[in-house]
Amino acid sequence: PLGSLIFSMCFGVMVWLFPVIFIYLEYLVVANFLVGVINLLPIYPLDGGKIVLVAIEGITRKKVPEKVELILSYVGLILLILLTILVTIKDIIRIF
């Protein structure tokens with residue numbers, strides 16, 4: 001996610017400095033920024049969830065059991081799939 005955010009900031013500066021040349025890259029900047037932000041959500045399969053898990057391990061000084069990590073991974077994956085389905089249904093309803 002850090003790479004996506006840095007990439008979007010670099011292109012954002014380029015769009016700001018040379019708006020005529022890079023006007024079409026503005027969409028790329030926004031899309032890349034959103035990918036970076038979504039990747040930082042504290043849902044376990046994403047990087048944000050892993051950061052939270054490492055923070056918990058650092059605070060408690062204990063490794064989280066593998067079984068708990070597996071359960072968190074499945075729950076997070078199910079949440080992401082449900083979110084994708086919900087957004088898709090909402091877009092289809094909005095179209096019609």
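Description of the structure in this document. Source: prediction; values computed, not measured.

Definitions and limits used
Residues numbered from 1 in each chain as written. Predicted model: local features only at pLDDT ≥ 70, side-chain atom pairs only at ≥ 80, totals over all residues. Heavy atoms only, no water. Helix = DSSP H or I, 4+ residues; strand = E, 2+ residues; numbered from the N terminus. Rg over C-alpha atoms; globule rule 2.2 N^0.38 Å. Buried < 20%, exposed > 50% of the residue type's maximum accessible area, 1.4 Å probe, protein only. Contact = heavy atoms within 4.5 Å. Areas by Shrake-Rupley, 256 points an atom, 1.4 Å probe, with all protein chains shown as cover. Expected span 1.5 Å × (residues − 1). Axes fitted to C-alpha atoms, helices over the stretch in contact; angles between N-to-C directions. Parallel < 35°, antiparallel > 145°, perpendicular 65-115°, else oblique. Left-handed = near helix turned anticlockwise from the far one by under 90°. Nonpolar A, V, L, I, M, F, W, Y, C, P; charged D, E, K, R; others polar.

So, the overall build of the protein chain
Argument step 1. Secondary structure assignment for the protein chain yields four helices and zero strands.
Argument step 2. For the protein chain, the α and β elements follow one another from N to C terminus as α-α-α-α.
Argument step 3. The C-alpha atoms of the protein chain give a radius of gyration of 18 Å, which is well past the 12 Å a tight globule of 96 residues would have.
Argument step 4. Once the C-alpha set of the protein chain is aligned to its principal axes, its extents read approximately 55 × 40 × 15 Å.
Argument step 5. Relative to its 96 residues, the protein chain shows a buried fraction of 19%.
Argument step 6. For the protein chain, restricting intrachain contacts to residue pairs at least 6 apart in sequence, the fraction spanning at least 24 positions comes to 44%.
Argument step 7. About 7800 Å² of surface is accessible on the protein chain, with carbon and sulfur atoms providing 78% of the total.

Points about helix α3 (residues 47-60)
An α-helical segment advances 3.6 residues per turn. Residues three or four places apart therefore align on the same side.
Argument step 1. Between its terminal C-alpha atoms α3 stretches 20 Å, which fits the 20 Å expected from 14 residues at 1.5 Å a residue.
Argument step 2. Those residues of α3 that fall on the buried side of the exposure criterion are Gly48, Gly49, Leu53 and Glu57.
Argument step 3. Summarising the contacts, the buried residues of α3 are in contact with α2 (26-39) and α4 (66-95).
Argument step 4. Positive backbone phi, approximately 60°, marks Arg61, located one or two places after α3.

Details of unusual backbone geometry
Argument step 1. Phi is positive for Arg61, which is not a glycine, with a value near 60°.
Argument step 2. As for its placement among the helices and strands, Arg61 is situated in the loop between α3 and α4.

Here we look at the environment of Phe33
Argument step 1. Following the sequence through the fold, Phe33 ends up in helix α2.
Argument step 2. It is 8.1 Å that separates the C-alpha atoms of Phe33 and Phe7, two residues lying 26 residues apart in sequence.

Structural notes on the packing of helix α1 (residues 2-17) against α2
Argument step 1. Following both chains from N to C, one finds α1 and α2 inclined at 155°, their axes separated by 8 Å at the closest point. With respect to α2, the axis of α1 lies roughly antiparallel. Like other packed secondary-structure pairs, α1 and α2 cross with a definite hand, here left-handed. Contacts between α1 and α2 involve Ser4, Leu5, Phe7, Ser8, Phe11, Gly12 and Val15 from the first element and Glu26, Leu28, Val29, Asn32, Phe33, Val35, Gly36 and Val37 from the second.
Argument step 2. Tallied by class, residues from the contact of α1 with α2 come to nine nonpolar, five polar and one charged.

Thoughts on the environment of Tyr24
Argument step 1. Looking at the element boundaries, Tyr24 is found in the loop between α1 and α2.
Argument step 2. On the accessibility criterion, Tyr24 (70% relative accessible area) is exposed.

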